[in-house]
Amino acid sequence: MKLIATEYGESMYEAVSLAIAGAKRLDRLTPVTLIVPSELIGITARRRLARGPAGGTPGIAGLTVLTLRRLAEQLAGRTLAATGKRPLTDPILAAVVRDVLLTEPGMFAPVAHHRGTVQAIATVHRELRAIPANALTTFETHSPLTRDVIRLHRAIRASTQARYFDPIDLLVTAAARLQEEPLGEKIVLVMPAVLDPAGLAFLKVLTDTAVDLSLITPLTGDARADSSVARSLNVLGLHFASGSSTSRTGSRIVAATDPDDEVRSVVRRVITELAQTPGYRIAVLYGSAEPYARLLSEHLEAAGVTHFGRGVRPTSERIMGRAVLRLLELPGRLFERADVLAFISDARPRADGHRVPGTQWERISRDAGVVKDSDWDRLGVFAGKSRERATAEQRCDEPRHWLIDRLNREADAADGLRSFVAGLRTQLAAIEVALTWAEAAAVLHALWDDVLGGSDSDRLPEEERRAAHRIGGVLDGLPALDEHPGLPSLLAVREVLELELTTDLDRVGSIGVGVHAGPLSDAIGLDVDVVFVLGLAEGLCPSRRREDPLLPDSARSLTGGVLPTLRERLDQQHAHFLAALAGARRSVLSFPRGNLRRGGEQVPSRWLVPTLRLLTGEESLQATTWDSHANAHIEKIPSHADGVESTAFPASAQEWRQQAALVGALRDPIVSATITLRRARGSPAFTRFDGNLTGVGGLPDPTAGRAVSPTSIESWVNCPHGYFTRTILGVSPVEAPEDIVSIAATDRGTLVHDILDRFISEHLASPPGPDDSWTDVDRERLLAIAAEEFAETESQGLTGFPLLWEQVRDAVRADLDVFLVEDSKRRLADRLTPIDTELPFGFDGTVPVELDLRDGRTLTLRGKADRLDRADDGTLVVVDYKTGSAKPYQEISQLNPVEHGSKLQLPVYALAARASRRESSARVRSEYWFTSRKGKFARIGYQVDDDVLAATRNALRIAVSGIASGVFPQRPIDDSGAYGCDFCTPDGRPESDVAQAWSDKSDAAELADYLQLIHPAGQAAR
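What counts, and where the lines are drawn
Residues numbered from 1 in each chain as written. Predicted model: local features only at pLDDT ≥ 70, side-chain atom pairs only at ≥ 80, totals over all residues. Heavy atoms only, no water. Helix = DSSP H or I, 4+ residues; strand = E, 2+ residues; numbered from the N terminus. Rg over C-alpha atoms; globule rule 2.2 N^0.38 Å. Buried < 20%, exposed > 50% of the residue type's maximum accessible area, 1.4 Å probe, protein only. Contact = heavy atoms within 4.5 Å. Areas by Shrake-Rupley, 256 points an atom, 1.4 Å probe, with all protein chains shown as cover. Lys, Arg positive; Asp, Glu negative; His and termini not counted. Charge placed at Lys NZ, Arg CZ, Asp CG, Glu CD. 1 Å grid on protein atoms, 1.4 Å probe; cavity = no way out; pocket = protein on both sides within 12 Å on 5 of 7 lines; lining within 4 Å. Points joined across faces, edges and corners; volume = space filled by probe spheres on them. Nonpolar A, V, L, I, M, F, W, Y, C, P; charged D, E, K, R; others polar. Polar contact = N/O pair within 3.5 Å; in protein donor to acceptor, adjacent residues only side chain to side chain. Pairing = 2+ DSSP bridges. Axes fitted to C-alpha atoms, helices over the stretch in contact; angles between N-to-C directions. Salt bridge = Lys/Arg side-chain N within 4 Å of Asp/Glu carboxyl O. Right-handed = clockwise from strand over helix to strand, strands pointing away. Core = buried A, V, L, I, M, F, W, Y, C linked by side-chain atoms within 4.5 Å. Phe/Tyr/Trp six-rings, centres within 6.5 Å; stacked < 30°, edge-to-face > 60°. Lys NZ or Arg CZ within 6 Å of the ring centre and 35° of its normal. pLDDT = per-residue confidence, 0-100.

Draft legend 1. Highlighting the overall build of the protein. Across its full length, the protein carries 34 helices and 23 strands. What you see for the protein is a C-alpha radius of gyration of 39 Å, clearly larger than the 31 Å of a compact globule of 1022 residues, by over 25%. With respect to the three principal axes, the spread of C-alpha positions in the protein is 125 × 70 × 50 Å. The buried share of the protein, reckoned over its 1022 residues, is 50%. Across the protein, every contact between residues at least 6 apart in sequence was considered, and the portion connecting residues at least 24 apart equals 75%. About 46,800 Å² of surface is accessible on the protein, with carbon and sulfur atoms providing 52% of the total. In the protein, which carries 119 positive and 138 negative side-chain charges, the distance between the mean positions of the two groups comes to 4 Å.

As structure tokens, then:
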């Protein structure tokens, strides 16, 4: 055997080329087997051999290229197959681990049922298999935890070794076979950097039995980095002294603001390099997969750069993978609405052979108040009410057929969604109670084919199609688990799928085609013109590592390097870094100065310091002082914007658009409109982007259309922009039922209103007079009505958390008790008798209410007054129930009846009372009654006389004119400039620029009438 020590990179491949040329020196067709650590090295070696060694003859005839694992499979495959053993797959291993944990959990009893425990023990078992059985005793007494871990490992091994084989068995069998029948051809072997004892034993037999073997050992020259190679050579009986050669350094350093900008910067440089360098001669490596693996892949794809390397998205993150895992998790999460809809949105499942209407179902489930579990039954109630409304509309004199159709469609959608969820529940429950894995697999296959359309995966994009085929293969393998103890369950099925799909990373592209993108460990086989190394900051490369809680370093140190410690893994990563520098003619090393995800500043990696010192000429430079020595070879990118502005090769279409927009070369209507918007909002003028739509056609005129409610006009006064967004555009905040913590104030008010309305209505046939007090019988009836309304509110999903809802119910009952007392006092004091409740006006078939605005226009109003009483002297008293605090209404008085246009209900309700009683000249008092202990049962109101109506007419005239003319500014509601409007601050954050705009633009002529309404003369503007 010939031992050839070499450096990484081109030197290594030159050594391989020379060794093969030497083996073929007598005959170019002499069979030679090249054994390499990875497929990447094999392909690179083939390309190098095709060129031939320096001064030699190119050619690869008679050459077989194998990895050590593949050679072992060729030698041992038939032998193991003849014994009837099968590979120990992850699903089988998970089933065995689960069974061992359930029967002999030991210290793991409290977490034996957790799926994370199964995965952790399976991983440890794979690691411990690298240690010979007789060597386990050397650290078995390390600690009780280690002893229990080894006990589980032995139990798992005892349960599997008779029927299954794993990679260690493969190597052991291959070594035995090799001793019986040595390879006859000449062998050139590139020494793997890390081998377990079984791999070394196989390699030892190979080197001892080979007729002609050349062992090429690439080294970094750093003793610690080469320590794992040294241990392997010692086992083979070979010894060498790893020198301390000159430290390798990079050619250039780039410092970016954060990892995202760092990747963008490197991709720009890759594009620049591609103008003069073939893609396969460029590599981009990263020391930390998080966040670089996904960032690099996404930015290379966005830039249209062909690349290859390890996959970054396992099958579990593909659409179909997420769908299956989410589906199996639904019962454990009680079919929460958010989870069901996430599954529907992701998987686009089928029902009755058709794609389900996900968007419509989301809205229907929200309107029905579904949160989880039994709430899905609310869909039946929702469907029934929708059909009732459709039937009632059909009976009208002039039915609105569009409304009837919509209500019926909503009912059908609710029934469809309820049926779909019920079907999922039934099938998933069948998996939970299945007696065999074959039975569970059959149910899951039905879900896969019928609901997810897995059998029709050919319609999917290529990567998703591969993922679907992979999932189908896993499902096909589930019946094999019946050979092991233990029944299937949803948890067990999910564990199997997670183990199989979360580690299933397909390669991206074809090896050797395009730019090489991958982890720093790929540097072992690197031979390129330029390499970019990302993330060279402390904590990223070298990366922060935590000790394995099941096999800590103190136990690993007893295995002689078989199980690497944190220090040994750090040395291996350093070896990869040095190999990257040796494998390229030029190297660009980059690091982020900060991390927007985690916050804080970052310093260059300790491995970057030699390059920093070389490029700056400062021998004493430290990582923390690099910034003060920057030069032409150390580039500091100030920001992402600077990178986009200064680059001659934008990395993506988005960057090209940004760059073009900066210089005014982009002819894009969206960008142009954005620039116009920002300039307009920053100007002192009241523009269309600030809500000035004067002169725009198609705006509604409240005096020319259907009747409007006083609360709608109030909303314009309080915030014209909110009115425009909600009423004209029809856009409102989306409130998910699961976000409801406690019943909303408006829903609580509606609840109390409905209770009081029903109670008073029942007594209108024989109403209580001024001297009649409510009795205990009345109290019992009121509370019975309340219980019914509570149940109805619960069925709509409006009540929030049960404990808080219980407190609300108790509070409402207490308020109702006080109401009976206060109502008796009120009727006695004012000599009142209730004569009507829920008084509708302005709707089809109800009393019309019109108000002459005295400017040639008439406004038709609609609404419902909560209650109407009559005093002994004939005065009509209109009541509007309120359940909140009376504080916002304290300014209302006879002299300020409409509070600057923000409180218009009382005078309008007075007009409705006169119209309903056909008493146009009747005296009317309107009042808000705060029917709660919080509101102290206060009554705020006034006599509705001509002055009150004049004030009302003036406010309505200004409001409807503003709406019709297009005045919709955003308005602060208090002196601080804060906003209480979802439409002005949809993200709930302070908007100082909007408040400033109100201050700057409020003197516009278009806003004069509005300002006069909300800030009358003599009152300081708010």
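Draft legend 2. Here's a closer look at empty space enclosed by the protein. If you walk through the whole model with that rule in mind, you get 2 cavities of 30 Å³ or more. The calculated volume of the largest cavity comes to roughly 70 Å³. Tyr286, Ala293, Leu296, Ser297, His307, Phe308, Gly309, Arg310, Val312, Val508 and Ala517 together form the lining of the largest cavity. Per-element accounting of the lining of the largest cavity gives the leading share, 3 residues, to helix α11 (residues 289-302). By volume, the second largest cavity amounts to about 30 Å³. Contributions of two or more residues to the lining of the second largest cavity are made by α9 (227-235) and α21 (566-582). Residues that form the lining of the second largest cavity fall into these classes: 1 nonpolar, 3 polar and 4 charged.

Draft legend 3. A look at the side chain of Ser709. In this structure, Ser709 sits in the loop between α25 (669-682) and α26 (710-718). Within polar-contact distance, the side chain of Ser709 engages the side chain of Thr711 at 3.2 Å.

Draft legend 4. Spatial organisation of the pairing of strand β18 (residues 849-852). Judged by which residues are buried, β18 turns out to be one-sided: Val849 and Leu851 face inward and are buried, whereas Glu850 and Asp852, on the alternate face, are not. As consecutive antiparallel partners, β18 and strand β19 (residues 858-861) are separated by 5 residues, and within that stretch Arg854 has a phi angle of approximately 65°, a positive value.

Draft legend 5. Inspection of the sheet that holds strand β15 (residues 584-592) at higher detail. If you walk across this open sheet you meet the 7 strands as β10-β13-β9-β14-β15-β8-β16, and the pairing is parallel. Whereas interior strands pair on both sides, the edge strands pair on one side only; in this sheet they are β10 (307-308) and β16 (634-636). As paired elements, strand β9 (residues 282-286) and strand β14 (residues 528-534) share 5 bridges and run parallel to each other. Among the inter-strand pairings, Ala283 is bridged to a residue of β14, identified as Val531. Sitting on the sheet, helix α10 (residues 259-274) is in contact with β8 (252-256), β9, β13 (515-519), β14, β15 and β16, with an inclination near 170° to β14. Each of β8, β15 and β16 touches helix α22 (residues 609-616); the most contacted strand, β8, lies at about 110° to it.

Draft legend 6. Region of interest: the pattern of salt bridges. Tallied over the entire structure, the rule returns 78 salt bridges. Asp527 is paired through a salt bridge with Arg585; the nearest N and O atoms lie 3.9 Å apart. Taken together, the positions of Asp527 in the loop between β13 and β14 and Arg585 in strand β15 put the pair 58 residues apart, joining distant regions of the chain. Glu788 is paired through a salt bridge with Arg758; the nearest N and O atoms lie 2.6 Å apart.

Draft legend 7. Local environment of the side chain of Glu410. Along the chain, the position of Glu410 falls in helix α16 (residues 401-432). Setting aside anything within four residues of it in sequence, one finds Glu410 in contact with Arg363, Ile364, Phe382 and Ser386.

Draft legend 8. Unusual backbone geometry, seen in detail. A cis amide bond, omega 10°, links Glu290 with the succeeding residue Pro291. Along the chain, Pro291 falls in helix α11. Looking along the chain, the bond that leaves Cys541 and enters Pro542 is cis, with omega of 5°. Positionally, Pro542 belongs in the loop between β14 and α20 (553-556). Not every positive phi belongs to a glycine, and Arg831 is a case in point at roughly 55°. By secondary structure assignment, the location of Arg831 is in the loop between α30 (802-830) and β17 (832-841). A relative accessible area of 28% means that Arg831 is categorised as partly exposed. Even without glycine at this site, Glu838 takes up a positive phi of about 50°. Its place among the elements puts Glu838 in strand β17.

Draft legend 9. Region of the structure containing the pairing of strand β6 (residues 186-190). For β6, a buried count of 4 out of 5 residues is recorded, marking the element as mostly surrounded by other parts of the structure. Both strand β2 (residues 32-36) and β6 contribute to a ladder of 4 bridges, which runs parallel. Looking across to β6, one finds that Thr33 is bridged to Ile187. As paired elements, β6 and strand β7 (residues 213-219) share 4 bridges and run parallel to each other. Note on β7: the bridge partner recorded for Leu189 is Leu215. Once you follow β6 into helix α8 (residues 197-209) and on to β7, the crossover reads as right-handed.

Draft legend 10. Summary view of the sheet that holds β17. Strand order across the open sheet formed by 5 strands is β17-β20-β21-β22-β23, with mixed pairing between neighbours. The open sheet terminates on both sides in strands that have one partner only, identified here as β17 and β23 (939-943). Strand-to-strand, the axes of this sheet are offset by a mean angle of 25°, without reference to chain direction. The sheet contact formed by strand β22 (residues 924-930) and β23 spans 5 bridges and is antiparallel. Counted as the bridge partner of Tyr928 is Ile940 from β23. Against the sheet, helix α28 (residues 745-762) touches β17, β20 (863-871) and β21 (876-882), its axis set at about 125° to β17.

Draft legend 11. Structural detail: the environment of Val696. With respect to the element layout, Val696 can be found in the loop between α25 and α26. Sequence separation between Val696 and Ala736 is 40 residues; the distance between their C-alpha atoms is 35 Å.

Draft legend 12. Spatial organisation of the nonpolar core. In terms of nonpolar packing, the biggest core is built from 83 residues, with Phe343, Ile431 and Leu497 touching the most fellow members. Among all residues touching Leu497, those that are not within four sequence positions of it are Val324, Leu325, Leu328, Leu444, Val474, Leu475 and Thr502. The next biggest cluster of nonpolar side chains, apart from the first, holds 77 residues, and it includes Val32, Val266, Ala523 and Trp607.

Draft legend 13. Expanded view of the packing of aromatic side chains. All chains considered together, the criterion is met by 16 aromatic pairs. Judged by centre distance (5.9 Å) and plane angle (20°), the rings of Phe577 and Trp607 are stacked. Pair noted here: Phe577 is in helix α21 and Trp607 is in the loop between β15 and α22, with a separation of 30 residues, a long-range link. Taking the relative accessible area as the measure of exposure, Trp607 reaches 9% and is therefore buried. Grouped by ring-pair contacts, the aromatic residues Phe819, Tyr881, Trp929 and Phe937 constitute a single cluster. Lying across the ring of Trp929, Arg826 places its NZ or CZ 5.1 Å from the centre. The lysine or arginine in question, Lys903, covers the ring of Tyr889, its NZ or CZ lying 5.1 Å from the ring centre.

Draft legend 14. How the structure looks around the confidence of the model for the protein. In the predicted model, the protein carries a mean pLDDT of 87, and the fraction of residues at 70 or more is 96%. Low pLDDT, under 50, characterises residues 975-979; the predicted model gives this stretch 15 contacts beyond four residues in sequence or across chains. Segment residues 1018-1022 is flagged for pLDDT under 50; beyond a separation of four residues in sequence, or across chains, it makes 9 contacts in the model.

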